[in-house]
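In case you want the letters, here they are:
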Amino acid sequence: MGNAPSEPAPPSLELEKPWRKFDWRQKNELKKRLEEFSVSHPDVKCINILVAGQIGAGKSSFINSVNNTFQERMTSSALVDSCGGTSFTKELKVHRVRGVKGDLPFYLSDIMGLEAKILAGTLPEDVIKTIYGYVRDEYKFNPEMSISDKNQDYVNDPSLSNQAFCLVYVVDAKTVQYIDQGLIDKLKIIRHAISHDRIPQVIVMTKVDEACPLVKEDLRKIYTSKKIKEKMEMCSEAIGVPVNCIFPVKNYCEEIDVDDDVDVLILKAFDQIVNLANDRLRDRASE
Ligand SMILES: Nc1nc2c(ncn2[C@@H]2O[C@H](COP(=O)(O)OP(=O)(O)O)[C@@H](O)[C@H]2O)c(=O)[nH]1
Ligand SMILES: [Mg+2]
């Protein structure tokens, strides 16, 4: 009786070379640049960014993670829903990005979850109206009816400062393969409405730690993980956004201290978001 033939080694989950070049030492440089950021339009003091996505995708956690990075501690300005289920954020909530040395010139607006069913979550019309600045902070969305100009929270004549100059769509890496057609259709309506205005769109893909065991163990494997690369491609195909506009991140959730690797991924995504928004504002200034 000889030895049983050894089982073939399982295929590796890791690529030899990273699929995206990434400098893990750029945290301080990115942070400094964002802390000293100046808005490219003379009439706009702060850039508004709208954060949309499905319930539980990690929108509120992303907003908190951006603040944690700049404040160098855990913050909880956006309430995180750890129970799942229905959307915790039922109203528009605008969050200022704050740093240790003072406020930064950015607002992140947290919007109620966008759901696949026609009458669930925010209506696409409400997302579009929010992007164009027609919806006041703390407006409670009605999933059955879009806000009308009769509503006291309707801004009749929004200024450039009320408008959002980047739409961030938050997607959960664990569930990208199950993105529902109903949701894709809702997103199409939104993208169609804002694309002629060239409002940039970025996808933040969260929960990379839960989507890949390698990454859970070591976040630096995010760009050598086959699984994450696959998820990014699926996401790009389903939503129709190029891979270079998708940023994988791990949000702060269980930590009690900030971490350089978590920070640098969050900062890279945020840097790209504000630069795209600022480019659009610069164009608006010359139109
Ligand atoms: N492991 C992990 N959990 C996350 C991440 N982002 C969010 N979560 C968890 O996912 C749940 C929903 O997050 P939340 O921010 O409330 O989602 P929202 O409904 O889109 O605002 C919470 O339990 C979070 O702690 C992440 O990157 N990794
Ligand atoms: Mg939320």
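Whatever comes next refers back to the structure up there.
Residues numbered from 1 in each chain as written. Chains lettered and ligands numbered in written order. Predicted model: local features only at pLDDT ≥ 70, side-chain atom pairs only at ≥ 80, totals over all residues. Heavy atoms only, no water.

## Section: empty space enclosed by the protein
Reasoning step 1: For the structure shown, the criterion picks out one cavity of 30 Å³ or more.
Reasoning step 2: Every residue lining the largest cavity is listed: Leu167, Tyr169, Leu187, Arg191, Gln201, Val202, Ile203, Ile239 and Val241.
Reasoning step 3: Taken together, the elements giving at least two residues each to the lining of the largest cavity come down to β4 (164-172), α4 (181-195) and β5 (201-206).
Reasoning step 4: At three residues, the largest contribution of residues to the lining of the largest cavity is made by β5.
Reasoning step 5: Classifying every residue of the lining of the largest cavity by side-chain character gives seven nonpolar, one polar and one charged. (1 Å grid on protein atoms, 1.4 Å probe; cavity = no way out; pocket = protein on both sides within 12 Å on 5 of 7 lines; lining within 4 Å. Points joined across faces, edges and corners; volume = space filled by probe spheres on them. Helix = DSSP H or I, 4+ residues; strand = E, 2+ residues; numbered from the N terminus. Nonpolar A, V, L, I, M, F, W, Y, C, P; charged D, E, K, R; others polar.)

## Notes on the side chain of serine 61
Reasoning step 1: Within the secondary structure layout, serine 61 lies in helix α2 (residues 59-71).
Reasoning step 2: On the accessibility criterion, serine 61 (11% relative accessible area) is buried.
Reasoning step 3: In this structure serine 61 touches Val80, Asn251 and Tyr252, once residues within four positions along its chain are discounted. (Buried < 20%, exposed > 50% of the residue type's maximum accessible area, 1.4 Å probe, protein only. Contact = heavy atoms within 4.5 Å.)

## Quick word on the site of ligand 1
Reasoning step 1: Taken together, 17 residues lie near ligand 1, and Gly56, Lys59, Ser61, Asp209 and Asn251 sit nearest.
Reasoning step 2: Within the backbone of glycine 56, one N or O atom sits 2.8 Å away from an oxygen atom of ligand 1.
Reasoning step 3: Contact distances for ligand 1 include 3.3 Å between a nitrogen atom and a side-chain N or O atom of glutamate 210.
Reasoning step 4: Protein coverage of the free-state accessible area of ligand 1, which is 580 Å², stands at 90%.
Reasoning step 5: When residues in the shell around ligand 1 are grouped by element, the largest group, three residues, is from α2. (Near = heavy atom within 4 Å. Polar contact = N/O pair within 3.5 Å; in protein donor to acceptor, adjacent residues only side chain to side chain. Areas by Shrake-Rupley, 256 points an atom, 1.4 Å probe, with all protein chains shown as cover.)

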